Amino acid sequence: MTTALEGLKVLDLSRVLAGPWASQLLGDLGADVVKVERPGSGDDTRAWGPPYLRDESGGETTEAAYFLSANRNKRSVAIDFTQPDGQRQVRELAARADVLIENFKVGGLKAYGLDYESLKELNPRLIYCSITGFGQTGPYARRAGYDFMIQGLGGLMSVTGRADREAGAGPVKVGVAVTDILTGLYASNAILAALAERQRSGLGQYIDVALLDVQVACLANQALNFLTTGKPPGRLGNAHPNIVPYQDFPTADGDLILTVGNDAQFRRFCEVVGRPEWADDARFASNASRVAHRDVLVPLIRQVTVFRSTAQWVALLEKAGVPCGPVNDLEAVFADPQVVHRQLQIAMAHPAAGEVKLVANPIRLSRTPVSYRSAPPCLGADQSNVLSDWLGALTCSVRRTSLKSTKSAVPAGDTPGRCFLQYCRA
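So, how was this worked out
- Residues numbered from 1 in each chain as written.
- Predicted model: local features only at pLDDT ≥ 70, side-chain atom pairs only at ≥ 80, totals over all residues.
- Heavy atoms only, no water.
- Pairing = 2+ DSSP bridges.
- Helix = DSSP H or I, 4+ residues; strand = E, 2+ residues; numbered from the N terminus.
- Axes fitted to C-alpha atoms, helices over the stretch in contact; angles between N-to-C directions.
- Contact = heavy atoms within 4.5 Å.
- Buried < 20%, exposed > 50% of the residue type's maximum accessible area, 1.4 Å probe, protein only.
- Core = buried A, V, L, I, M, F, W, Y, C linked by side-chain atoms within 4.5 Å.
- Parallel < 35°, antiparallel > 145°, perpendicular 65-115°, else oblique.
- Left-handed = near helix turned anticlockwise from the far one by under 90°.
- Nonpolar A, V, L, I, M, F, W, Y, C, P; charged D, E, K, R; others polar.

1. Observations concerning the sheet that holds strand β5 (residues 74-78)
Thinking step 1. Taking strand neighbours across the sheet as the criterion, the six strands line up as β5-β2-β1-β6-β7-β8 in an open arrangement whose pairing is parallel. Pairing within the sheet leaves two strands with one partner each, and these edge strands are β5 and β8 (206-210). Between one strand axis and the next, the sheet turns by 20° as a mean value, whatever way the strands run.
Thinking step 2. Pairing analysis gives three bridges linking strand β1 (residues 9-12) to strand β6 (residues 99-102), with the strands arranged parallel. Pairing of Val10 across the sheet is with Val99, part of β6.
Thinking step 3. Running over the sheet, helix α1 (residues 18-28) touches β1, β2 (32-37), β5, β6 and β7 (127-132) and is turned about 155° from β6.
Thinking step 4. Sitting on the sheet, helix α6 (residues 178-201) touches β6, β7 and β8, and the angle it makes with β7 is about 160°.

2. What to know about unusual backbone geometry
Leave glycine aside and you will find that most residues have negative phi; peptide bonds, for their part, are mostly trans.
Thinking step 1. Here the amide bond leading from Gly49 into Pro50 is cis, since omega sits at 5°, within 30 degrees of zero.
Thinking step 2. Residue position: Pro50 is located in the loop between β2 and β3 (52-54).
Thinking step 3. Look at Asn73: it is not a glycine, yet its phi comes out positive at around 55°.
Thinking step 4. Along the chain, the position of Asn73 falls in the loop between α2 (65-68) and β5.
Thinking step 5. For Asn73, a relative accessible area of 3% corresponds to the buried category.
Thinking step 6. Even without being glycine, Gln343 reaches a positive phi, approximately 55°.
Thinking step 7. By the element assignment, Gln343 lies in the loop between α14 (337-341) and β12 (345-350).
Thinking step 8. Classification of Gln343 by relative accessible area gives exposed; the value is 58%.

3. Considerations on the nonpolar core
Thinking step 1. Val10, Val99, Ile101, Cys129, Ile131 and Ile191 are the most contacted members of the largest nonpolar core, which totals 27 residues.
Thinking step 2. Put simply, the parts of the chain that give this core at least two residues each are α1, β6, β7, α6, β8 and α7 (211-217).
Thinking step 3. Counting residues in each nonpolar core, the second largest holds 23 residues, with Leu13, Ala94, Leu114 and Leu119 among its members.

4. Here we look at the packing of helix α3 (residues 84-96) against helix α15 (residues 383-391)
When two helices pack together, their arrangement is given by the angle between the helix axes and by the axis-to-axis distance.
Thinking step 1. Two elements in contact, α3 and α15, have axes whose closest approach is 10 Å; the angle formed by their N-to-C orientations is 50°. Between α3 and α15, the crossing angle belongs to the class labelled oblique. Considering only the axes of α3 and α15, their crossing is left-handed. Contact residues: Gln89, Glu92, Leu93 and Arg96 in α3; Val386, Leu387, Trp390 and Leu391 in α15.
Thinking step 2. Partitioned by chemical class, the residues of the contact of α3 with α15 number five nonpolar, one polar and two charged.

So, in structure tokens, the structure goes:
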């Protein structure tokens, strides 16, 4: 079956997580993603271990699990673009690319002639996506930005963690680099929008995506709670600022997540737990009243939930149509029957390990499904194939002429496939 982005060429100069997450999504959707890495070391996350992938004999490889999480469906080339030869190679690849993704500091690629203004002269159709901590403009533009720091600066940690009046109170970051991941998703959406627009105009464009911008945008209802009232929301632990009961409750053997979204669900909940009178109590009859009296209701619920196991409560509440669930560790997650049914764990052949387990892409397309063509690549493993595939027949967008990388197509003394730029000047 064909894929949604089949034929799309993506040049990925990014590293760590936000950029690679965006390019992995494009790769899953069918794009040919070429990952440009530093010779010798590659993407920083290749060394962000342990844990490392183990080979078939149980020994550790040099591939960190972190790297494996964001680099499926890519081909790796090792190019040092701090050197003139490497700059020339990257420019040649960019001349054939549809999309370029990078996450260097503001202005970091200009010194190498790999900034948007330089590359759009070679390829006016190029969609160039820059991902930074703070964006291309503003007083913080030249600062480095990392997920943890942005979670704090961007307000997420002010609403994450136990409430100030509780034991263990204080700001807490989310357990995964959620700002990086969300930035990658926003970046890929922007790229797809630019590709759609290019079908009309025939031109590429520049995309400026910032971690801080994304973090503030994703404060969602909490941001609007502040903008509506002028009062900054505080930390509520696992409770919800606008819905009650919507948090964790203790059970006889663990914890139960209860997510009551409306008054009808609350009434059914009261019947299941043997407290039907709560649904008619003026303090609890509506969500607004439950929010106002959460300090009364939540302790009452806690006194009830401790008398059954989590599994017993889930069975009873699900039967009554009350949304709820357990708090699973990752072993339980990947053993969950729904997760197994949805095939969220996949396995792919890997040259160093024989096989690598990965998490599936959650997108389900009926006609052009995502594809799993190649495991995260070893450093520089695809050098010759990429240069052959992308640079074997070069088309000059300015002169609309074709130059083939054969000895007869280049002057004597030049290396085939390496000197495209000097023949493509207007």
